[in-house]
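# Structure at a glance
Residues per chain, in single letters:
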Amino acid sequence: MLSGRIGRPLSWIVVYVRHLQVTDFRSWPHADLALEPGITVLVGSNGQGKTNLVEAVGYVATLGSHRVASDAPLVRDGTSRAVVRAAVVNSGRELLVELEITPGKANRARINRGAAGKPRDVLGILRTVLFAPEDLAIVRGDPGERRRFLDELLVARAPRYAGVRSDYERVLKQRSALLKSAGAARRGGGKADLRTLEVWDGHLARFGAELLAGRLDLVAAIAPHVTSSYANVAATDEASAPSGRVAHVRYRSSLGESLPEGCGEPMGKAADVDELEAALLAELARVRPQEIERGVSLVGPHRDDLELLLGDLPAKGYASHGESWSFVLALRLASYHLLTEDGAEPVLILDDVFAELDRRRRARLAELVAGAEQVLVTAAVAEDVPPELTGARFDVREGEVRRVQ
């Protein structure tokens, strides 16, 4: 489905969180929350911990936080570890996911109280799409924010890309360190030791090609959803949209014109990993003198960007505040539609987002998401939540979560 109110395909699989328990996670020594399908609203003043609870749900799905880059802030001050437990109903079967977060050590995971394993093993059990005030950085921030958006969605669709992304980042770090030391040696009048550079080039090209291929195919798939979702959020359609204000997304690669034609475009050809690997190797060879001189890796997915366009103009720098928010919402709604097309509807999390929106966009977003299988909403003020989102309601205050409706 490319537009309109959220709905489900015939092959839809029921997925929702039935129970959440956290121990020493963020501000919570302990919290226990029984959930159900439909709308759940957590209301509490700023600093009461409502966002921490939905952050824990998001962590089960992504092994990361939408607020911080590392795990250390997730562990309550004065304690050494945090534990998140979530009972997830998936295709009629309930799975208990337990994650132990220990900064400075390897995190551990258990499924149905089995033997401890790698956290990555739980990816795919639960999928979420999270809307938050921090999302505005996707439009207005640097390219790293948009790469993160793509990669998180890529891993949600195909968890194996978590390993590809990790391998690429490891190789990039090693190769960049080699270039940095070589550049410093050359500037100091010495001789750079580049005997292993070609080996690192090969690794970077291989893992980079896999990550790039995944991103290109993802952009091709999500692009039509972004255009239609933007029109829906803005309460327009493509025919009546103001001239030049139809939303588009486009992948910009560091390969430039060396990127195989048609990749990343709707109805274009699927990305070929071997073809991309050859292109990356050729480009690395071409820019090697500049890389050694500057001491940085100039080619690869870490230099790419997702271009967000309104008509022919980039949203960053040209979109109004309202248009920027419409684009953010369109990206998240497009993610929801794409994941649902895969057959399993993600849980929607709307974290303090209604306070950031004007009345029209607030009502429009509520109308679009009200039919989802499970929606978790946080708000500082109950009146910020549109009346379309009725269901269970919890008060979060003074270290307690209490159901009031």
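For the structure given in this document, a descriptive report is provided here. (Residues numbered from 1 in each chain as written. Predicted model: local features only at pLDDT ≥ 70, side-chain atom pairs only at ≥ 80, totals over all residues. Heavy atoms only, no water.)

## Looking at the pattern of salt bridges
Taken as a whole, this structure holds 34 salt bridges when the rule is applied. Of the charged contacts, one joins Asp24 and Arg76 as a salt bridge, the two residues approaching to 2.9 Å between their closest N and O atoms. In this pair, Asp24 is assigned in strand 1 (residues 15-25) and Arg76 in the loop between helix 1 (50-62) and strand 4 (82-90), connecting sequence segments 52 residues apart. Looking at Asp24, the relative accessible area reads 15%, which means it is buried. (Salt bridge = Lys/Arg side-chain N within 4 Å of Asp/Glu carboxyl O. Helix = DSSP H or I, 4+ residues; strand = E, 2+ residues; numbered from the N terminus. Buried < 20%, exposed > 50% of the residue type's maximum accessible area, 1.4 Å probe, protein only.)

## Focus: the sheet that holds strand 6 (residues 108-111)
Sheet strands line up and pair through hydrogen bonds in the backbone, either parallel or antiparallel. Strand order in the open sheet made by the five strands is 2-1-4-5-6, with antiparallel pairing throughout. Sheet topology places strand 2 (28-34) and strand 6 at the edges, where each strand pairs with a single neighbour. Adjacent strand axes in the sheet meet at a mean angle of 15 degrees, parallel and antiparallel pairs treated alike. Where strand 4 and strand 5 (residues 93-101) come together, nine bridges link them in antiparallel fashion. Among the inter-strand pairings, Val84 is bridged to a residue of strand 5, identified as Leu99. Its contacts with the sheet place helix 1 against strand 1, strand 2, strand 4 and strand 5, and it is angled at close to 115 degrees to strand 1. (Pairing = 2+ DSSP bridges. Axes fitted to C-alpha atoms, helices over the stretch in contact; angles between N-to-C directions. Contact = heavy atoms within 4.5 Å.)

## Considerations on the packing of aromatic side chains
For the coordinates displayed, the defined rule picks out one aromatic pair. A centroid spacing of 5.7 Å and a plane angle of 55 degrees characterise the contact between Tyr230 and Phe327, whose relative ring orientation is tilted. Residue Tyr230 is located in helix 5 (residues 197-233), and its partner Phe327 is located in helix 8 (residues 321-341); the two are separated by 97 residues in the primary sequence. Given the relative accessible area of 7%, Tyr230 is considered buried. Its relative accessible area of 0% is what places Phe327 among the buried residues. Here the basic side chain of Arg160 rests over the ring of Tyr161, its NZ or CZ set 4.3 Å away from the ring centre. (Phe/Tyr/Trp six-rings, centres within 6.5 Å; stacked < 30°, edge-to-face > 60°. Lys NZ or Arg CZ within 6 Å of the ring centre and 35° of its normal.)

## Some thoughts on unusual backbone geometry
Unlike most non-glycine residues, Leu63 shows phi in positive territory, near 60 degrees. Looking at where Leu63 falls in the secondary structure, it is placed in the loop between helix 1 and strand 4. Phi is positive for Ser91, which is not a glycine, with a value near 60 degrees. Within the secondary structure, Ser91 is located in the loop between strand 4 and strand 5.

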